[in-house]
Amino acid sequence: MMSIRQRREIRATEVSEDFPAQEENVKLENKLPSGCTSRRLWKILSLTIGGTIALCIGLLTSVYLATLHENDLWFSNIKEVEREISFRTECGLYYSYYKQMLQAPTLVQGFHGLIYDNKTESMKTINLLQRMNIYQEVFLSILYRVLPIQKYLEPVYFYIYTLFGLQAIYVTALYITSWLLSGTWLSGLLAAFWYVTNRIDTTRVEFTIPLRENWALPFFAIQIAAITYFLRPNLQPLSARLTLLAIFISTFLFSLTWQFNQFMMLMQALVLFTLDSLDMLPAVKATWLYGIQITSLLLVCILQFFNSMILGSLLISFNLSVFIARKLQKNLKTGSFLNRLGKLLLHLFMVLCLTLFLNNIIKKILNLKSDEHIFKFLKAKFGLGATRDFDANLYLCEEAFGLLPFNTFGRLSDTLLFYAYVFVLSITVTVAFVVAFHNLSDSTSQQSVGKTEKGTVNLKPETAYNLIHTILFGFLALSTMRMKYLWTSHMCVFASFGLCSPEIWELLLKSVHLYNPKRICIMRYSVPILILLYLCYKFWPGMMDELSELREFYDPDTVELMNWINSNTPRKAVFAGSMQLLAGVKLCTGRTLTNHPHYEDSSLRERTRAVYQIYAKRAPEEVHALLRSFGTDYVILEDSICYEQRHHRGCRLRDLLDIANGHMMDGPGENDPDLKPADHPRFCEEIKRNLPPYVAHFTRVFQNKTFHVYKLSRNK
């Protein structure tokens, strides 16, 4: 299996932006020479310095991550087949379409090959642009063919440098969001430093480059920054229109590049719904954002040839339900506290019922079953009933879909990020409760959203949005580890904003009777600077060690397998095996597959379960018949799956297959009473004994320490 080994014989003064100022600050500003002119110069200087630092820190992060990738794999020196194998599992599948577009004689033929693809799933012609989010690979391949760079840059480098370039945009967007919230670019600098020092928990781009989230999250960060600016009160009409355009473009690109877009934006819609219901957000602005979400998804649906999974998404049903419920409850924000609370609960119940009703109607009309595995997984995950469903258990047993490990908080605490986050979160949550109670108690409160009244606790709409955003995505990350990258990156933004926010320090100092404008100024600058110095002192040596540690890609068994397939099998041969390995087969050899890791289609899931019977307790005749039904010529068996020890008993792939087939699991331990002993031994073990029933259907044609390849006979 693939590993990384050590390389042998290789040596190698800030001023804040305008924010609702205190009276004392106004007096100090009036004493400055030239009055408004001086303040304007300071603002321009601050914007120039802050903007320059934002661009520099983004580029440095990009270079840092690209260097780590090069150092880990020695990417510039390994063979092309090794580079391609390094794109593991679904990453290899996505990259194969970029390669396919470049190898096509013309762009038109390349498009035709993607729309009428018969090599990704044997004996089927599928539209890849409809099924998968691969427009980014299409766009990059067109750019590479059009731009005059072929002589200077290999296709693979154009691809990976684009992804690392997006990381620069990602960090810059986080920086700007924190700056917008706090009013000082020092906050953005701290957010960027925290992002880099917590790299293990904020990104995995350097070893999963083509993963969809690495394309999508930079656009998501741009969208959050644009929404943060859009929610500011008293925007000029032109600024509002340009910001809405930025929100729309970033939302559209985010939706186009990631298949999980609808679930992320559903969380975002819940944030808007919560804030709108509690009068923390102008209703008109919430309506604009709902509309942008729906419009973006519908445009993506059109580009994906009317992908039914998008039309049947909960997001569209939820947003439509909000609009309908608003029309039915026009006087939602009037009355006494108890009256409004009752109306709010009724409103919530109405939206929930309408969402489920509309979603069920749409799914029945479209006969949609593509996302049923997700709901089975969620049902089993949250203890709403035990399941023997193979697909649900396949997700449940993967660490990435389990609960967030407790040691994550230890790593986040080492950089002081978690402590700062909890500190800021506790203060803002308290303020949010006070403001929500005040708004529900005062029927006129919606008229003064975003305005500050002297002597009252206030929460800006943009702050409230980011607060609920970080809470909801925090719950998502805690329940599903794979989604932690949404939370941890925003955690950097939110924690840094709070430490640099004059409002946070004002509330804190007033609560301990130490309020003074000068103390606010001292705290909001000194605390972030001290943390930045601490981060530099503690983590700079380690980062330098990382950059000097040189290793290389090492996976000779997989390289040998791919070279053998290229040299000894017909171009039209059909291969069966594990989803993860077959993605590499598709990329490195171009052979036809029976199944692959893009698990978002119901028929593909059924096909994968059938192919995986090679690791179950089934008769050789049954396995042969199943594989031949998909046109299989060769099947690849992996010892790492057949004799798997990585997962505990009950979560090994062979155990999941046994349970789904109603068979007792191997090894010591309990089995459910209704599980029965299998009539046949495990196929992947027994085939190696070369017994007559197996030899009659399967002939071994290749083996090494990891893989065994068998050719299927064509006799019935």
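All figures in this text were calculated on a predicted structure; none of them were measured in a lab.

What counts, and at which threshold
- Residues numbered from 1 in each chain as written.
- Predicted model: local features only at pLDDT ≥ 70, side-chain atom pairs only at ≥ 80, totals over all residues.
- Heavy atoms only, no water.
- Helix = DSSP H or I, 4+ residues; strand = E, 2+ residues; numbered from the N terminus.
- Rg over C-alpha atoms; globule rule 2.2 N^0.38 Å.
- Buried < 20%, exposed > 50% of the residue type's maximum accessible area, 1.4 Å probe, protein only.
- Areas by Shrake-Rupley, 256 points an atom, 1.4 Å probe, with all protein chains shown as cover.
- Phe/Tyr/Trp six-rings, centres within 6.5 Å; stacked < 30°, edge-to-face > 60°.
- Lys NZ or Arg CZ within 6 Å of the ring centre and 35° of its normal.
- Domains from an automatic or database assignment.
- Contact = heavy atoms within 4.5 Å.
- Buried area = accessible area lost by both parts, 1.4 Å probe.
- Salt bridge = Lys/Arg side-chain N within 4 Å of Asp/Glu carboxyl O.
- Polar contact = N/O pair within 3.5 Å; in protein donor to acceptor, adjacent residues only side chain to side chain.
- Nonpolar A, V, L, I, M, F, W, Y, C, P; charged D, E, K, R; others polar.
- Patch = residues over 30% accessible without salt bridge, like charges linked within 9 Å, V, L, I, M, F, W, Y side chains within 5 Å.
- Pairing = 2+ DSSP bridges.
- Axes fitted to C-alpha atoms, helices over the stretch in contact; angles between N-to-C directions.
- Disulfide = S-S within 2.5 Å.
- Expected span 1.5 Å × (residues − 1).
- 1 Å grid on protein atoms, 1.4 Å probe; cavity = no way out; pocket = protein on both sides within 12 Å on 5 of 7 lines; lining within 4 Å.
- Points joined across faces, edges and corners; volume = space filled by probe spheres on them.

## Considering the overall build of the protein
Counting its regular elements, the protein contains 33 helices and seven strands. Computed over its C-alpha atoms, the radius of gyration of the protein comes to 28 Å, within 12% of the 27 Å expected for a compact globule of 716 residues. Seen along its three principal axes, the alpha-carbon backbone of the protein occupies a region of about 95 × 65 × 55 Å. Looking at the protein residue by residue over its 716 residues, the buried ones come to 56%. Carbon and sulfur atoms make up 64% of the accessible area of the protein, which amounts to about 32000 Å² in all.

## Things to note about the packing of aromatic side chains
Within the structure shown, the criterion is met by 35 aromatic pairs. On the numbers, 6.0 Å between centres and 50 degrees between planes, the contact of F220 with F473 is tilted. Of the two residues, F220 sits in helix 11 (residues 212–230) while F473 sits in helix 22 (residues 461–479), which places them 253 residues apart along the sequence. With respect to burial, F220 and F473 carry one shared label: buried. A connected cluster of aromatic rings, assembled from ring pairs, spans F75, F87, Y95, Y98, Y157, Y159, Y161 and W215. The lysine or arginine in question, R83, covers the ring of F75, its NZ or CZ lying 5.4 Å from the ring centre. Over the aromatic face of F230 sits the side chain of K285, whose NZ or CZ is 5.2 Å from the ring centroid.

## Notes on the domain arrangement of the protein
Per the domain assignment, the segments of the protein are domain 1 (162–443 + 458–542) and domain 2 (556–712). If you average the C-alpha positions of domain 1 and of domain 2, the two centres end up 41 Å apart. Taken together, the contacts link 16 residues of domain 1 with 21 residues of domain 2. Of the roughly 1600 Å² buried where domain 1 meets domain 2, counting both sides, 56% is carbon and sulfur surface. On the domain 1 side of the contact with domain 2, R388, F390 and C397 bury the most area, a combined 46% of that side's loss. Seen at the junction of domain 1 and domain 2, the total is three salt bridges. Put simply, D391 and R605 hold a salt bridge, and the shortest N to O gap is 3.9 Å. The tally of links from domain 1 across to domain 2 stands at three residue pairs in polar contact (both at pLDDT 80 or more). At the level of secondary structure, the elements contributing two or more residues to the side of domain 1 that touches domain 2 comprise helix 18 (372–381) and helix 19 (390–396). Tallying contributions element by element places helix 19 first for the side of domain 1 that touches domain 2, with five residues. Of the residues belonging to the side of domain 1 that touches domain 2, the class tally is seven nonpolar, four polar and five charged.

## Overview of a nonpolar patch on the surface
There is a patch of nonpolar side chains on the surface, built from L238, L242, L245 and I249 and spanning about 390 Å² of accessible area. On the secondary structure map, L238 appears in helix 12 (residues 237–257).

## Notes on the sheet that holds strand 3 (residues 574–576)
What holds strands together in a sheet is hydrogen bonding between their backbones, with the strands either parallel or antiparallel. The five strands are arranged 4-3-5-7-6 in an open sheet whose pairing can be described as mixed. Only two strands of the sheet have a single partner each, and these edge strands are strand 4 (592–593) and strand 6 (698–703). When strand 6 meets strand 7 (residues 707–712), the two strands line up antiparallel, connected through five bridges. Paired with R700 across the strands is Y710, a residue of strand 7. Contacting strand 3, strand 5 (634–638), strand 6 and strand 7, helix 29 (residues 620–628) runs over the sheet at an angle of about 75 degrees to strand 6.

## Some thoughts on the state of the cysteines
Enumeration over the complete set of coordinates arrives at two disulfides. For C397, the disulfide goes to C651, at an S-S distance of 2.0 Å. An S-S torsion of about -75 degrees defines the bridge between C397 and C651 as left-handed. You can see C397 sitting in the loop between helix 19 and helix 20 (407–414) and its partner C651 sitting in the loop between helix 30 (639–642) and helix 31 (653–661), a full 254 residues away along the chain. Owing to a relative accessible area of 12%, C397 belongs among the buried residues under this scheme. Judged by relative accessible area, C651 falls into the buried class, the value being 14%. Covalently, C642 is tied to C684 through a disulfide, its sulfur atoms 2.0 Å apart. Where C642 bonds to C684 through sulfur, the torsion about that S-S bond is close to 80 degrees, and the disulfide is right-handed. Of this pair, C642 sits in helix 30 while C684 sits in helix 32 (residues 683–686), and the two are 42 residues apart along the sequence. Taken as a pair, C642 and C684 share a single burial class, namely buried. The disulfide pattern of the protein is 1-3, 2-4 when the bonded cysteines are numbered in sequence order. Cysteine C588 remains unbridged, with the sulfur of C91 as its closest cysteine sulfur at 13 Å.

## Topic: helix 26 (residues 556–568)
With 13 residues, helix 26 extends 18 Å from end C-alpha to end C-alpha; this agrees with the ideal 18 Å at 1.5 Å per step. Within helix 26, the full set of buried residues consists of D557, T558, V559, L561, M562, W564 and I565.

## Side note on empty space enclosed by the protein
Empty space among the atoms becomes visible once a probe the size of a water molecule is rolled across them. When its volume is computed, the largest cavity comes out at roughly 60 Å³. The wall of the largest cavity is formed by Y170, L174, L217, F220, A221, I224, L486, S489 and H490. The set of elements that each furnish at least two residues to the lining of the largest cavity consists of helix 8 (155–182), helix 11 and helix 23 (484–500). Element by element, the count of residues in the lining of the largest cavity is highest for helix 11, at four residues. Here the residues of the lining of the largest cavity are counted per class, giving seven nonpolar, two polar and no charged.

## Some points on the pattern of salt bridges
For the structure shown, the criterion picks out 30 salt bridges. With its nearest N and O atoms 4.0 Å apart, the salt bridge here joins K617 to D658. One end of the pair, K617, is in the loop between helix 28 (602–611) and helix 29; the other, D658, is in helix 31, and 41 residues separate them in sequence. D658 carries the same exposure label as K617, and that label is buried. The residue R628 makes a salt bridge to D633 at a minimum N-O spacing of 3.6 Å. A relative accessible area of 24% means that R628 is categorised as partly exposed. Taking the relative accessible area as the measure of exposure, D633 reaches 11% and is therefore buried.

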